[in-house]
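Breakdown of the fold
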Amino acid sequence: MPSPFPRAWTAFRRAAYAAGPPPRRQFLPREFVEQLLAGAGARLPLLDAPRLDWAHAERVHDPAYLARWRQGEVTRAEERALGFPWNEAVVERGLLSSGATLAATRDALARGLGLNLGGGTHHAYRDRAEGFSFLNDVVISTRWLLDHGHARCILMLDLDVHQGNGTAALLADEARAFTVSVHGANNYPFQKERSGLDVALPDGTGDEAYLAALDEVVMPAVHAFRPDFAFYLAGADVLEGDQLGRLALTPAGVRERDDRVFRWAAQAGTPLVTVMAGGYNRDPQRLIETRLGTLDAALAAFA
C-alpha cells in the first residue's frame with residue numbers, strides 16, 4: 001500500500017546523525033531531536049532519508065572539491081569555514097540531507113508538497129564549504145529539476161536569518177531560477193552575495209516589520225516571477241533568542257510567516273519543497289514548538 005501524503009523525510013534517524021553528540025554546541029542535543037521526531041511523527045509519516053548519489057552533487061559542485069571531501073583531504077582553514085572538523089559522518093550527513101531534499105522534490109512533483117525535516121545548507125559554494133554547509137541541497141535539487149525538464153521557473157524563497165550566499169552564487173547565471181533572501185543585515189555571512197532579491201533587516205526586527213516586508217516586498221516579486229516550482233527555506237533562526245540570529249520574531253510570528261507562504265503555494269498550485277534550514281535557539285522547547293508549527297502550517301494549507 002503506498003504511503004499517504006503528505007509525508008516528511010528525515011536524516012535524523014540514520015546512523016551518521018544518531019551516533020555521538022552534535023558537532024556544534026548550538027545544535028539540538030539528541031534528546032530534543034527525539035522530541036522533534038516524536039512530534040513530527042504524530043502529525044505525518046516519517047521516512048528515512050535516502051543517500052544522495054554523488055553524480056547529482058557533481059552537477060552542482062566541482063568534482064575535485066567533492067573528491068577531496070570524500071577522502072578527507074581538507075585543510076584546517078576549510079574545516080573552520082565549515083564550522084566543525086571533517087570526519088566521515090560529516091560527509092554522510094551531507095549526502096543524507098541532500099538526499100532527503102531530492103526525495104521531497106519528487107514528492108512535490110507528485111503531490112504538490114515535499115517536506116524535509118532538515119536541509120537548507122545554503123552556504124555551500126561550487127568549490128568550498130561554509131557555515132555548516134558541505135553540499136548545497138536545494139541547488140542540487142534545482143539542477144535535477146532543470147536537467148529533467150520538470151520545471152521552467154524555480155523560486156528559491158530563503159527565509160533563514162542568514163543570507164543564502166552559496167545559493168545566490170551558484171544560481172547567479174541561471175535565468176530560470178529566482179533567488180530571494182530575507183535575512184539579518186548585520187549577520188553572517190558578513191560578505192554577502194547578490195540574490196535576485198535581497199531584503200536585509202536590522203537587528204531586533206519583530207513580527208510586524210518582518211511580515212510587512214514579506215507582504216510588501218517579497219510576495220509582489222514572487223507573483224511577478226510566476227514560478228512553476230518553489231523551494232522554501234523555513235529557518236527558525238529568525239526567532240528571538242536564537243544563538244546565531246539577531247532578529248526577534250515570536251513563534252506566532254513565524255507561524256504567520258509560514259501560513260502566508262504555504263497558502264500562497266497551495267492557492268497558486270505551485271509545487272513546494274520545504275526544508276527547515278537554521279534554528280539554534282537558547283530554548284530548545286521553543287525551537288521544537290516553532291518547527292512543529294511549520295509542519296502544522298503546511299498540513300493546514302495543503303489539506
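Whatever comes next refers back to the structure up there.
Residues numbered from 1 in each chain as written. Predicted model: local features only at pLDDT ≥ 70, side-chain atom pairs only at ≥ 80, totals over all residues. Heavy atoms only, no water.

This paragraph deals with the packing of aromatic side chains. For the structure on display, the rule yields 13 aromatic pairs. Geometrically, the ring pair formed by Phe132 and Tyr280 is edge-to-face, given 6.0 Å between the ring centres and 65° between the ring planes. Residue Phe132 is found in the loop between strand E3 (113-116) and helix H7 (137-147), and its partner Tyr280 is found in the loop between strand E8 (272-275) and helix H11 (284-301); the two are separated by 148 residues along the sequence. Taken together, a centroid distance of 5.3 Å and an interplanar angle of 50° make the contact between Phe229 and Phe231 tilted. Each member of the pair, Phe229 as well as Phe231, is classed as buried. For the cation-ring pair, Arg93 lies above Tyr17, with the distance from its terminal atom to the ring centre recorded as 4.5 Å. (Phe/Tyr/Trp six-rings, centres within 6.5 Å; stacked < 30°, edge-to-face > 60°. Helix = DSSP H or I, 4+ residues; strand = E, 2+ residues; numbered from the N terminus. Buried < 20%, exposed > 50% of the residue type's maximum accessible area, 1.4 Å probe, protein only. Lys NZ or Arg CZ within 6 Å of the ring centre and 35° of its normal.)

All right, on to the packing of helix H6 (residues 88-111) against H7 then. Remark: H6 packs on H7, axes separated minimally by 9 Å, with the N-to-C direction vectors making an angle of 45°. Taken together, H6 and H7 sit at an angle that is classed as oblique. Here H6 runs over H7; the crossing is right-handed. Contacts between H6 and H7 involve Ser97, Ser98, Thr101, Leu102, Thr105, Arg106 and Leu109 from the first element and Asp137, Val138, Ile140, Ser141, Trp144 and Leu145 from the second. When its residues are assigned to classes, the contact of H6 with H7 shows six nonpolar, five polar and two charged. (Axes fitted to C-alpha atoms, helices over the stretch in contact; angles between N-to-C directions. Parallel < 35°, antiparallel > 145°, perpendicular 65-115°, else oblique. Left-handed = near helix turned anticlockwise from the far one by under 90°. Contact = heavy atoms within 4.5 Å. Nonpolar A, V, L, I, M, F, W, Y, C, P; charged D, E, K, R; others polar.)

Next up on the list: the nonpolar core. A general feature of soluble globular proteins is that nonpolar side chains tend to end up buried together. With 99 residues, the main nonpolar core has Leu117 and Val218 as its most contacted residues. For this core, the leading source of residues is H6, giving nine residues. Once you skip the residues sitting within four places of it in the chain, Val218 turns out to touch Leu157, Val180, Val182, Leu197, Val199 and Ala213. (Core = buried A, V, L, I, M, F, W, Y, C linked by side-chain atoms within 4.5 Å.)

For the structure on display, the rule yields one cavity of 30 Å³ or more. Considering only enclosed or pocket space, the largest cavity measures out at about 30 Å³ in volume. Met156, Asp158, Gly164, Thr167, Thr179, Val180, Ser181 and Ser195 together form the lining of the largest cavity. Elements represented by at least two residues in the lining of the largest cavity include exactly strand E4 (154-158) and strand E5 (177-184). Looking at the lining of the largest cavity, the element that brings in the most residues is E5, giving three residues. By residue class, the composition of the lining of the largest cavity is two nonpolar, five polar and one charged. (1 Å grid on protein atoms, 1.4 Å probe; cavity = no way out; pocket = protein on both sides within 12 Å on 5 of 7 lines; lining within 4 Å. Points joined across faces, edges and corners; volume = space filled by probe spheres on them.)

Before going further, it helps to spend a moment on H7. In terms of residue burial, H7 counts as a mostly covered element, since 10 of its 11 residues are buried. Listed in full, the buried residues belonging to H7 are Asp137, Val138, Val139, Ile140, Ser141, Thr142, Arg143, Trp144, Leu145 and Leu146. Phi turns positive, to about 70°, at Gly149, one or two residues after H7.

We now examine the sheet that holds strand E6 (residues 197-201). Strands belonging to one sheet form pairs held by backbone hydrogen bonds; the direction of such a pair is parallel or antiparallel. Ordered by their spatial adjacency, eight strands build an open sheet running E2-E1-E3-E8-E7-E4-E5-E6, and the pairing between neighbours is parallel. Pairing within the sheet leaves two strands with one partner each, and these edge strands are strand E2 (46-48) and E6. Averaged over all adjacent pairs, the angle separating strand axes in this sheet is 15°, with direction ignored. Where E5 lies against E6, five bridges are found, and the strand directions are parallel. Counterpart to Gly184 in the pairing with E6 is Leu201. The strands that H6 touches are strand E1 (8-10), E3, strand E7 (229-233) and E8; relative to E3, the one it contacts most, it runs at about 165°. Packing of helix H9 (residues 207-225) onto the sheet brings it into contact with E4, E5 and E6, and relative to E6 it is tilted by some 180°. (Pairing = 2+ DSSP bridges.)

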